[in-house]
Amino acid sequence: MKLKSDFIVREVNGETVLVPIGDTGFSGMVRGNKTLGAILQALKADVTEDEIVSSLLERFDAPEEKVRADVQKALSALRKIGALRD
Amino acid sequence: MEGVYRFADLNVAIRTRCRRLHDMCRDYRASGLPDIVISLTGADVEREREKAAVTARREGRFAAEYPYDYLETLAAYRALAEELPGHDGFLIHGSAVAADGEGYVFIAPSGTGKSTHARLWLEMLGSRAVMINDDKPLLRFMPSGPRVYGTPWDGKEHLSANMSAPLKAVCVLTRAKENTIRPLSPHEALAYLLRQIYRPAGKEAAEQTLTLIDRLDAGLYLLGCNMEPEAARVAYEGMKG
């Protein structure tokens, strides 16, 4: 899966924010911490959930179950607003 | 037709098929080299026609058939809003009032009562207050700080002035029985701002818009208000500092 190109990611007020570009209705946004930032970074390429989890485990010192739960939560939020291409 | 106008301290050259835009912008006429050039085509106008129809459907309204020259004015403002982030600015949907020379912008979903509240300020403050733009003011980040600018794209009642003011505060308006005001953290304010600030279709401009929001240095408030004159007093006292 991959992040659709009509969404942008930026840090605003110290948090990671993803919004759709263009003004055709507000289809929502996703916002969060550095972990979300890293997940979105990984999703710039075509990746699997497992690949995202392992790239995060390289960067953050956290147990795998915790990281996987964060990744699944983020992916579900991104799917909900149609930001992912499977 | 072609004309050069000064919006938000920028010279904007606009080429259109119809005269209407040039009549509408006549108080903003300028001369000199343009910072931004807008040359509208039939396709730009058709896109406005489609967008107006989509918006009407979404809001459950009857989709009116707008004349070409009116749609051309909308297309011009959209084109300007697409270019503004490149000049450290953006369009914000809201009602902007200058009070004692300082700019206050009220934002809320359409129909909440921004214009009504802004009018209460004008009634309360008399000659100390001016409506900068009642619908879609422009904001620019100048070396001295953010400024809010009037333009002739000024809403149903056509209330605007060719002027600007340093931005003092952005106030999110909600309807309430009692009048209360409290500061919003930048974190809380972001969701409201993103809904009312124009999000360009161009990727770079959209990214720059978020960068500008990150830099926004102004008071941020949440106002719960009714439509009584007291609402303006509570809001003004709460924000003027």
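Source: prediction; values computed, not measured.

Right, let's get into the overall build of chain A. Scanning chain A for helices and strands turns up 3 helices and 5 strands. Reading chain A from its N end, one meets helices and strands in the order β-β-β-β-α-α-α-β. In terms of overall dimensions, chain A is globule-like: its C-alpha atoms have a radius of gyration of 13 Å, near the 12 Å expected for 86 residues. Out of the 86 residues belonging to chain A, those deemed buried represent 42%. By sequence separation, contacts in chain A at least 24 residues apart represent 45% of the contacts at least 6 residues apart. Summing over all exposed atoms, chain A offers an accessible surface of approximately 4600 Å²; the carbon and sulfur share of this is 48%. Counting 13 positive and 14 negative side-chain charges, chain A places the averaged centre of each group 6 Å from the other.

Right, let's talk about the sheet that holds strand E2 (residues 10–15) of chain B for a bit. All names here are of chain B. The strand order across the open sheet built from 3 strands is E1-E2-E3, with neighbouring strands paired in mixed fashion. Sheet topology places strand E1 (2–7) and strand E3 (36–39) at the edges, where each strand pairs with a single neighbour. The sheet shows a mean angle of 20 degrees between the axes of neighbouring strands, taken without regard to direction. Two elements, E1 and E2, share 6 bridges in a ladder whose sense is antiparallel. The residue of E2 that forms the bridge with glycine 3 is isoleucine 14. In the packing of helix H3 (residues 68–83) onto the sheet, the strands contacted are E1, E2 and E3, and the crossing angle to E3 comes to about 145 degrees.

Residues and elements named next belong to chain B. Tracing the backbone through its elements, the reader meets asparagine 133 in strand E7 (residues 129–133). Looking at asparagine 133, the relative accessible area reads 0%, which means it is buried. When neighbours within four sequence positions are excluded, asparagine 133 is seen to be in contact with Gly94, Ser95, Ala96, Gly150, Thr151, Trp153, Asp154, Leu159 and Ser160.

Our focus in this paragraph is the sheet that holds strand E3 (residues 15–20) of chain A. Taken in spatial order, the 3 strands make up an open sheet running E2-E3-E4 (chain A), and their pairing is antiparallel. Each edge of the open sheet is held by one strand with a lone partner, namely strand E2 (7–12) and strand E4 (30–32) of chain A. Across this sheet, the average inter-strand angle for adjacent strands is 15 degrees, counted without regard to direction. Here 6 bridges tie E2(A) to E3(A), and the two strands are oriented antiparallel to one another. When the bridges of E3(A) are listed, Phe7(A) appears paired with Pro20(A). Sitting on the sheet, helix H1 (residues 34–42) of chain A touches E2, E3 and E4 of chain A, and the angle it makes with E3(A) is about 45 degrees. Helix H6 (residues 203–215) of chain B rests against E2 and E3 of chain A of the sheet, and its axis sits at about 20 degrees to E2(A).

Calculation criteria
Residues numbered from 1 in each chain as written. Chains lettered and ligands numbered in written order. Predicted model: local features only at pLDDT ≥ 70, side-chain atom pairs only at ≥ 80, totals over all residues. Heavy atoms only, no water. Helix = DSSP H or I, 4+ residues; strand = E, 2+ residues; numbered from the N terminus. Rg over C-alpha atoms; globule rule 2.2 N^0.38 Å. Buried < 20%, exposed > 50% of the residue type's maximum accessible area, 1.4 Å probe, protein only. Contact = heavy atoms within 4.5 Å. Areas by Shrake-Rupley, 256 points an atom, 1.4 Å probe, with all protein chains shown as cover. Lys, Arg positive; Asp, Glu negative; His and termini not counted. Charge placed at Lys NZ, Arg CZ, Asp CG, Glu CD. Pairing = 2+ DSSP bridges. Axes fitted to C-alpha atoms, helices over the stretch in contact; angles between N-to-C directions.

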